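Residues per chain, in single letters:
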Amino acid sequence: MSLEDDYTRLLYHLLPPGPAWEGDNPLLNGPAPSLAAVHQRGDDLMREIDPAQTVELIGRYETLCGLPDSCAPPGVQTLRQRQQRLDAKINIPGGINERFYRQQLDALGYHTATIEQFQNLDATPDPEWGDKWRYYWRVNIPSDATVAWQTCTSACNSAIRTWGDTVVECVIDKLSPSHTVVVFAYPEGENDASN
C-alpha cells in the first residue's frame, strides 16, 4: 500500500460515521498526495541529519566545519568523498592514539590501511637514529586501494595510472601530533604492509 493510500484511509477515518460520508469523496482524495509528499520530504530531511549521507545540506555542513580546506580544494572531490570527509570531521571524537587515526582512515574509506609505530618495533629501521624513531610512525595504504587508471572518458593529458591520496595524507598530517612525523607507504600486497 502506498503512502498516498495510507493518507486517504486516514482522512476517511477522520469523518464522522454515517451514510452521508460513504463512497468516494474527491475532497478527501485531493489532499492525500500533498500529505504523502510532505511526509516523504520529512523522511528526506531526516536522512540529511547524518553528515555521511547528506546531499542537500552538504554545503552548509562544510561551511560550519571549515571544509573544503587546504587538504582538498573545492571541486576536486566527489560527493561521496565530501561526505566521508565531513563524517570524519564531525563524528569522530579527537585523540592522539592509534585508535583515533584508525577511525579517521575508516571514515575516509581506507578500511584496509594499517598503522605502524616504529617505537613498538624490536629493532629500529636505522640504528644510527637511535631513539629518534619513536617520533615516526607509518600509515600503510594498500596501493590497490588508491589506484586510478585512465579510462575511455579520461582527458587526453591525464596520467595512465596514479596512486596515492593527497587528501588522506593531508588529513592525517593535520591531525598528527606536532612532534611526530607520519610516513605514508603504498605497498603492493597485504604481506608488504607488515614488512
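For the structure given in this document, a descriptive report is provided here. As the structure is a computational prediction, the values presented were derived from the model and not from experiment.

**A closer look at the layout of surface pockets**
Here is step 1: There is about 230 Å³ of room inside the second largest pocket.
Here is step 2: Lining the second largest pocket are 14 residues, with Ile 96, Gln 117, Gln 119, Trp 137 and Thr 180 positioned closest to its centre.
Here is step 3: Listing elements by their share of the lining of the second largest pocket, those giving two or more residues are helix 6 (98-107), strand 1 (114-117) and strand 2 (136-140).
Here is step 4: For the lining of the second largest pocket, the per-class residue count stands at seven nonpolar, five polar and two charged.

**Focus: the packing of helix 4 (residues 58-65) against helix 5 (residues 79-91)**
Here is step 1: The contact between helix 4 and helix 5 brings their axes to 11 Å, and the two run at 40°. Relative to helix 5, the element helix 4 is oriented oblique. Regarding helix 4 and helix 5, the two cross each other, and that crossing is left-handed. Note on element contacts: helix 5 touches helix 4 through Leu 79, Arg 82, Gln 83, Leu 86, Lys 89 and Ile 90, opposite Ile 58, Gly 59, Tyr 61, Glu 62 and Cys 65.
Here is step 2: Its residues placed into classes, the contact of helix 4 with helix 5 shows six nonpolar, two polar and three charged.

**Notes on the sheet that holds strand 5 (residues 181-185)**
Here is step 1: Judged by pairing direction, the sheet is mixed, and its three strands sit side by side in the order 1-2-5 without closing on themselves. With one partner strand each, in any of the chains shown, strand 1 and strand 5 form the two edges of the open sheet. Direction aside, neighbouring strands of the sheet carry axes that sit 25° apart on average.
Here is step 2: Strand direction decides the pairing type here: strand 2 and strand 5, joined by five bridges, are parallel. Its bridge partner being in strand 5, Arg 138 is matched across the sheet by Val 183.
Here is step 3: Lying on the sheet, helix 6 is in contact with strand 1 and strand 2; it crosses strand 1 at an angle near 150°.
Here is step 4: Of the strands in this sheet, strand 2 and strand 5 touch helix 7 (residues 166-175), which is tilted by about 160° from strand 5.

**Here we look at the packing of aromatic side chains**
Here is step 1: On inspection of all chains with the given rule, the structure shows two aromatic pairs.
Here is step 2: Aromatic side chains Phe 100 and Tyr 101 sit 4.9 Å apart centroid to centroid with 70° between the ring planes, which places their arrangement in the edge-to-face category. Like Tyr 101, Phe 100 is buried.
Here is step 3: Where Tyr 101 meets Trp 137, the ring centres are 4.8 Å apart and the plane angle is 50°; that geometry is what we call tilted. Here Trp 137 lies in strand 2 and Tyr 101 lies in helix 6, a separation of 36 residues in the sequence. Across the pair, exposure class does not vary: Tyr 101 and Trp 137 are buried alike.
Here is step 4: Through a chain of ring-to-ring contacts, the aromatic side chains of Phe 100, Tyr 101 and Trp 137 assemble into a single cluster.

**Here's the deal with the nonpolar core**
Here is step 1: Formed by 23 residues in total, the largest nonpolar core has its most connected members in Leu 105, Val 139, Ile 141 and Ile 172.
Here is step 2: Looking at this core, the elements with two or more residues in it are helix 6, strand 2, helix 7 and strand 5.
Here is step 3: Beyond its immediate stretch of four places on either side in the chain, Val 139 contacts Leu 105, Thr 114, Ile 172, Val 182, Val 183, Phe 184 and Ala 185.
Here is step 4: Membership of the second largest hydrophobic core comes to five residues, among which are Tyr 61, Cys 65, Leu 67 and Leu 86.

Rules used throughout
- Residues numbered from 1 in each chain as written.
- Predicted model: local features only at pLDDT ≥ 70, side-chain atom pairs only at ≥ 80, totals over all residues.
- Heavy atoms only, no water.
- 1 Å grid on protein atoms, 1.4 Å probe; cavity = no way out; pocket = protein on both sides within 12 Å on 5 of 7 lines; lining within 4 Å.
- Points joined across faces, edges and corners; volume = space filled by probe spheres on them.
- Helix = DSSP H or I, 4+ residues; strand = E, 2+ residues; numbered from the N terminus.
- Nonpolar A, V, L, I, M, F, W, Y, C, P; charged D, E, K, R; others polar.
- Axes fitted to C-alpha atoms, helices over the stretch in contact; angles between N-to-C directions.
- Parallel < 35°, antiparallel > 145°, perpendicular 65-115°, else oblique.
- Left-handed = near helix turned anticlockwise from the far one by under 90°.
- Contact = heavy atoms within 4.5 Å.
- Pairing = 2+ DSSP bridges.
- Phe/Tyr/Trp six-rings, centres within 6.5 Å; stacked < 30°, edge-to-face > 60°.
- Buried < 20%, exposed > 50% of the residue type's maximum accessible area, 1.4 Å probe, protein only.
- Core = buried A, V, L, I, M, F, W, Y, C linked by side-chain atoms within 4.5 Å.

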